[in-house]
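# Tertiary structure, described
One letter stands for each residue in the lines below.
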Amino acid sequence: MTTHSLDAKGMRCPQPILKITAMLPQVAPGDVLEVSADCATFEEDVRKWCDRMNKTLLAVTKDGDVTVAQIQF
Amino acid sequence: MSENSEQGMVSITRAEYDALISGLARISDREMTERLDIKSSNPTFNGLQAAINALVDDADKVLAADRDATMNMALSMSECFAVLDSVRQGNLEARIGEESINSADELMRQFAGTLNATIADIESQIETIQRQQNTQAAMENLVRQLQTPILQLWDDVLALPVIGMVDSRRSQDMMETLLQEIVAHRSKYVIIDITGVEIVDTRTADHFVKVMKSAELLGTRCVMTGIRPAVAQTLVELGVDLSSIRTLRNLEEGLRDCLRDMDARKGAH
């Protein structure tokens, strides 16, 4: 299992979601993608994305304005 | 804030003005999630606050609807992308889900529907091609089997009638099939009848020689029959050496020859 990183800070939703989607070909099933974003609706959006795409949202943590989501593909 | 009736003007205090500017900046920073809540005894100022809050509420509703629409579009695009990626990896059963198919956005509905229809078409075409390939392979197999019919003419006597062109592949098939049949039947005689072969060149003749020599290695006596006059003439002109194999006029003579040899061997024992 590999952990990939995606820095989506400074992007407004839904850009971070689309960036996650663009990672699909690179992230193998079982791998984890760690996404950092500071968009106000990121957590809500990433939850919707995981539901729709059948991916597992392992954790969501906050560090100031930055939200970090760990998604298992 | 106070009102000057004579001049028809209203005024607010410096503190109220600063609080208003600061509040508006906060609303902007927090993406319409905040509202003005500045304590004041000035009814006109409070009316201004209420009007601004109502305006922000309306703007927030419009933005929220816009954000939802954009987000739904992004989710549908994500789904389409995922399905295409899955198809690229060979999963032709992948399809866009109902949420995107029934998207509020007409363009997205059309796109998702077209994408599903296209994938279904590709899947159908591939199935058709696979069926055609299977049919073709079965036919080629059947033709190969028909090209090498092995007949048991007599006890211990097998015949291989050859019709048409003999190339390397057919020659290989003939050799494999004949050797298997010789072993299976423990045959002592093989007649290769080439009455149905109209053209024999050096390479074809070489194929026959190899087939017969392979059969002889298994202890089988081989005879070639049915060499047409034109074929014999060609072989002579080409200088093909068939001296190492026994040749007879036709299948009947071949069978008689085998039976004679069979009797002679029995007599010898």
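Residues numbered from 1 in each chain as written. Chains lettered and ligands numbered in written order. Predicted model: local features only at pLDDT ≥ 70, side-chain atom pairs only at ≥ 80, totals over all residues.

This paragraph deals with the overall build of chain A. Counting its regular elements, chain A contains two helices and four strands. Mapped in sequence order, the helices and strands of chain A form the string β-α-β-α-β-β. Looking at chain A as a whole, 25% of its 73 residues qualify as buried. Considering only intrachain contacts with a sequence separation of at least 6, the fraction spanning at least 24 residues in chain A is 59%. (Helix = DSSP H or I, 4+ residues; strand = E, 2+ residues; numbered from the N terminus. Buried ≥ 20, exposed ≤ 12 C-beta atoms within 10 Å, placed from the backbone. Contact = placed C-beta atoms within 7 Å.)

Right, let's get into the overall build of chain B. The secondary structure content of chain B amounts to eight helices and seven strands. Each of the 269 residues in chain B was classed as buried or not, and the buried ones make up 19%. Relative to all contacts within chain B whose residues are 6 or more apart in sequence, the contacts with residues 24 or more apart total 66%.

Moving on, we come to the sheet that holds strand β4 (residues 157–163) of chain B. All names here are of chain B. With mixed pairing, five strands are arranged side by side in an open sheet as β3-β4-β5-β6-β7. Two strands in the sheet have a free side with no partner beyond their single neighbour: β3 (151–154) and β7 (246–248). Each neighbouring strand pair of the sheet contributes to a mean axis angle of 30 degrees, computed without reference to strand direction. As defined by bridge partners, strand β5 (residues 189–196) adjoins strand β6 (residues 221–225) across five bridges and the pair is classed as parallel. Paired with Val-190 across the strands is Cys-222, a residue of β6. On the sheet, helix α5 (residues 168–185) packs against β3, β4 and β5 and is oriented at approximately 165 degrees with respect to β4. Relative to the sheet, helix α6 (residues 202–217) contacts β5 and β6, its axis offset from that of β6 by approximately 155 degrees. (Pairing = 2+ DSSP bridges. Axes fitted to C-alpha atoms, helices over the stretch in contact; angles between N-to-C directions.)

Right, let's talk about the pairing of β5 of chain B for a bit. Residues and elements named next belong to chain B. Across the eight residues that make up β5, a large majority, six, are buried. Summarising the sheet, β4 and β5 pair through six bridges and their orientation is parallel. What sits directly across from Leu-158, in β5, is Val-190. Viewed along the sheet, the connection from β4 through α5 into β5 turns out right-handed. The parallel pair β5 and β6 is bridged by α6, and the resulting crossover is right-handed. (Right-handed = clockwise from strand over helix to strand, strands pointing away.)

Ranked by internal contacts, the top residues of the largest apolar core, which has 27 residues, are Leu-160, Val-190, Ile-191 and Ile-192 of chain B. Put simply, the parts of the chain that give this core at least two residues each are β4, α5, β5, α6, β6 and α8 (251–268) of chain B. With residues up to four places along the chain from it excluded, the contact list for Val-190 of chain B reads Leu-158, Leu-160, Leu-178, Ile-182, Ala-215, Thr-220 and Cys-222 of chain B. Ala-8 and Cys-39 of chain A together with Ala-74 and Leu-75 of chain B belong to the second largest nonpolar core, which has 15 residues in total. (Core = buried A, V, L, I, M, F, W, Y, C linked by C-beta atoms within 7 Å.)

Residues and elements named next belong to chain A. The sheet contact formed by strand β1 (residues 3–7) and strand β2 (residues 32–37) spans five bridges and is parallel. Note that in β2 the partner of Ser-5 across the bridge is Glu-34. In terms of handedness, the path from β1 via helix α1 (residues 15–22) over to β2 forms a crossover that is right-handed.

Our next topic: the sheet that holds strand β3 (residues 56–63) of chain A. All names here are of chain A. Judged by pairing direction, the sheet is mixed, and its four strands sit side by side in the order β1-β2-β4-β3 without closing on themselves. Each of the sheet's edge strands pairs with one partner strand only, and the pair in question is β1 and β3. Across the sheet, the mean angle separating the axes of adjacent strands is 15 degrees when strand polarity is ignored. Sheet contacts for α1: β1 and β2; angle to β2, the most-contacted strand, approximately 155 degrees. Most of the contacts of helix α2 (residues 42–53) go to β3, to which it runs at about 175 degrees, and overall it touches β2, β3 and β4 (66–72).

To continue, consider helix α1 (residues 14–29) of chain B. All names here are of chain B. If you check α1, its first and last C-alpha atoms are 23 Å apart, about what 16 residues at 1.5 Å a residue would give, namely 22 Å. Burial runs low along α1: only zero of the 16 residues are buried. Taken from the residues just after α1, Glu-31 is the one with a positive phi, measuring 55 degrees. (Expected span 1.5 Å × (residues − 1).)

Attention now goes to the interface of chain B and chain A. It is common to give the size of an interface as the accessible area that goes away when the parts come together. With 13 residues of chain B at the interface, the matching set in chain A holds 14 residues. Tallying contributions element by element places helix α2 (residues 43–88) of chain B first for the side of chain B that touches chain A, with eleven residues.

With that settled, the discussion passes to the packing of α2 of chain B against helix α4 (residues 106–147) of chain B. All names here are of chain B. It is at 11 Å that the axes of α2 and α4 come closest, and there the two elements cross at 10 degrees. Judged by the inter-axis angle, α2 sits roughly parallel to α4. In contact with Met-73, Ser-76, Cys-80, Val-83 and Val-87 of α2, α4 contributes Met-108, Phe-111, Ala-112, Leu-115 and Ile-119. Among the residues forming the contact of α2 with α4, the class breakdown is nine nonpolar, one polar and no charged. (Parallel < 35°, antiparallel > 145°, perpendicular 65-115°, else oblique. Nonpolar A, V, L, I, M, F, W, Y, C, P; charged D, E, K, R; others polar.)

This part takes up the confidence of the model for chain B. Residue and element names in this part refer to chain B. Taken residue by residue, chain B gives an average pLDDT of 89. The fraction at 70 or more is 97%. Per-element averaging of pLDDT across chain B places strand β1 (residues 2–4) at the bottom with 51 and β6 at the top with 94. Interface confidence in the predicted complex, given as ipTM, is 0.87; pTM for the same model is 0.62. (pLDDT = per-residue confidence, 0-100.)

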